[in-house]
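In case you want the letters, here they are:
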Amino acid sequence: MKLAIVGVGKMGKSILEGLLRAEMLEPSEIGILDTPERTQAVAQETGARPLYLEDLRRCERILLSVQPKDLAALAPQIAHPNVGYISIMAGVSTAVLSRRLGTRRVVRCMPNLAATIGKSSTAITGPREAEEAGDLQFARALFATVGDVYDLPEQLFDAFTGMSASAPAYVAVVAEALADGGVKQGIPRAQALRLAADVLIATGELLRRKHPAVLKDEVSSPGGTTIHGLAALEARGVRAALMEAVEAATLRGHELGKDE
Ligand SMILES: NC(=O)c1ccc[n+]([C@@H]2O[C@H](COP(=O)([O-])OP(=O)(O)OC[C@H]3O[C@@H](n4cnc5c(N)ncnc54)[C@H](OP(=O)(O)O)[C@@H]3O)[C@@H](O)[C@H]2O)c1
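The structure displayed is predicted, hence computed values, not measured ones.

Considerations on the overall build of the chain
Then step 1. Counting secondary structure elements, the chain contains twelve helices and eight strands.
Then step 2. Seen through its principal axes, the chain has C-alpha atoms that stretch 65 × 40 × 30 Å.
Then step 3. Residue burial in the chain is summarised as follows: out of 260 residues, 40% are buried.
Then step 4. Pairs at least 24 apart in sequence give 56% of the contacts found in the chain among residues at least 6 apart.
Then step 5. When the accessible surface of the chain is split by element, carbon and sulfur atoms take 58% of a total near 14,500 Å².
Then step 6. Taking the 29 positively charged and 31 negatively charged side chains of the chain as two groups, their mean positions are separated by 2 Å.

Thoughts on the UniProt feature "domain: Pyrroline-5-carboxylate reductase catalytic N-terminal" (unreviewed entry) in the chain
Then step 1. The feature "domain: Pyrroline-5-carboxylate reductase catalytic N-terminal" (unreviewed entry), as annotated in UniProt, sits at residues 2-91 in this numbering.
Then step 2. Annotated as 34% helix and 20% strand, the span residues 2-91 places its first and last C-alpha atoms 26 Å apart.

Considerations on a nonpolar patch on the surface
Then step 1. Taken together, Val174, Leu178 and Val199 make up a surface patch of nonpolar side chains, about 230 Å² in accessible area.
Then step 2. Looking at the secondary structure, you find valine 199 in helix 9 (residues 189-207).

Some points on the pattern of salt bridges
Then step 1. Per the stated rule, a full pass over the model turns up 20 salt bridges.
Then step 2. Notably, a salt bridge pairs aspartate 70 with lysine 69, separated by 3.1 Å at the nearest N-O pair.
Then step 3. Across the pair arginine 239 and glutamate 234 runs a salt bridge whose closest N-O atoms are separated by 2.9 Å.
Then step 4. In this structure glutamate 234 comes out as partly exposed when scored by relative accessible area, which is 40%.
Then step 5. Connected via shared salt-bridge partners are Arg104, Arg128, Glu129 and Glu132.

Some details on the sheet that holds strand 8 (residues 147-151)
Then step 1. Spatial strand order, 3-2-1-4-5-6-7-8: eight strands in an open sheet with mixed pairing. Because the sheet does not close on itself, it has two edges, and the strands there are strand 3 (49-50) and strand 8.
Then step 2. Alignment of strand 4 (residues 61-64) against strand 5 (residues 84-87), held across four bridges, turns out to be parallel. Paired with arginine 61 across the two strands is glycine 84, which belongs to strand 5.
Then step 3. Contacting strand 1 (3-6), strand 4 and strand 5, helix 3 (residues 71-78) runs over the sheet at an angle of about 170° to strand 4.

Points about the site of the ligand
Then step 1. Close to the ligand lie 20 residues, the nearest being Lys10, Met11, Asp34, Val66 and Gln67.
Then step 2. Interatomic distance of 2.8 Å between a backbone N/O atom of methionine 11 and an oxygen atom of the ligand.
Then step 3. In this structure, an oxygen atom belonging to the ligand sits 2.6 Å away from a main-chain N or O atom of valine 66.
Then step 4. Against a free-state accessible area of 890 Å², the protein chains account for coverage of 73% of the ligand.
Then step 5. The residue inventory of the shell around the ligand, partitioned by class, reads eleven nonpolar, five polar and four charged.

Concerning helix 4 (residues 94-101)
Then step 1. Along helix 4, the residues classified as buried are Thr94, Val96, Leu97, Ser98 and Leu101.
Then step 2. Of the surrounding elements, those touching the buried residues of helix 4 are strand 4, helix 3, strand 5, strand 6 (106-110), strand 7 (120-125) and helix 12 (238-257).
Then step 3. Glycine 102, located one to two residues past helix 4, shows a positive phi value of around 70°.

Brief notes about the confidence of the model for the chain
Then step 1. Here the chain averages 97 in pLDDT, while 100% of its residues score no lower than 70.
Then step 2. Both scores are available for the predicted complex, with the pTM at 0.96 and the ipTM at 0.99.

Rules of the game
- Residues numbered from 1 in each chain as written.
- Predicted model: local features only at pLDDT ≥ 70, side-chain atom pairs only at ≥ 80, totals over all residues.
- Heavy atoms only, no water.
- Helix = DSSP H or I, 4+ residues; strand = E, 2+ residues; numbered from the N terminus.
- Buried < 20%, exposed > 50% of the residue type's maximum accessible area, 1.4 Å probe, protein only.
- Contact = heavy atoms within 4.5 Å.
- Areas by Shrake-Rupley, 256 points an atom, 1.4 Å probe, with all protein chains shown as cover.
- Lys, Arg positive; Asp, Glu negative; His and termini not counted.
- Charge placed at Lys NZ, Arg CZ, Asp CG, Glu CD.
- UniProt positions renumbered as here; feature names shortened; annotations may be inferred.
- Patch = residues over 30% accessible without salt bridge, like charges linked within 9 Å, V, L, I, M, F, W, Y side chains within 5 Å.
- Salt bridge = Lys/Arg side-chain N within 4 Å of Asp/Glu carboxyl O.
- Pairing = 2+ DSSP bridges.
- Axes fitted to C-alpha atoms, helices over the stretch in contact; angles between N-to-C directions.
- Near = heavy atom within 4 Å.
- Polar contact = N/O pair within 3.5 Å; in protein donor to acceptor, adjacent residues only side chain to side chain.
- Nonpolar A, V, L, I, M, F, W, Y, C, P; charged D, E, K, R; others polar.
- pLDDT = per-residue confidence, 0-100.

Here it is in structure tokens:
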């Protein structure tokens, strides 16, 4: 088995689907392990092989996509010196992974939910031993099937998590609030939600070409509507709120990574 995926929830399943879409591996080369019901359902849907714990030691690499709190109980059951581990758990450092799993063949990655549609930005890091064993190269190829991949120094991982990996939730709140604003002004709910999503997608495209400040200035006519809307946003401290959100999420990453 080339790869086992432990935890095929939202992220594990997205990554599985990405690598199958890209034909990086055959379904028969991938094993999955979750709750019995979920393992069975995802195996049926994707063709990946359902695994038991004892099968994991025969896998070349294991992708860990369980919650950070589940690592302590799981690690002793899956630790094996001949396996390379790839983790997407928020906050969990390569040092903690190495200690828990008893090997330096560990890769730390941080994708985001856009992996579901092949548009993740994924950060990757790992020690020399993971590079030498080909684990980092494998992880880069794996996450390239679900979007863009960046090598990132490990000290920036919690910041990357608080900004990029958590951002879909921040942006979803913006979309929902924009739609609420439209509904308050009389736009039907379904239309308001569609308009909010469309303008976020289009603005995302524009932001690849223009600095945010330039874009903002181009939309804001002198004495016009937008500058009045922006003044209301500034009065509510929207910039500070977003910066504080990234900071709070980064700090939570540090906390999640603390290992007793
Ligand atoms: N969601 C995101 O946007 C995102 C982005 C980047 C990174 N991450 C990271 O990705 C990881 C997974 O997140 P997620 O959102 O995909 O979570 P999720 O949807 O809850 O998926 C985790 C899955 O792992 C299963 N599981 C728990 N313990 C297990 C065990 N010992 N053996 C096998 N399966 C087990 C869970 O089952 P139960 O539900 O029964 O416990 C669940 O189905 C987390 O560490 C998170 O920090 C998430």
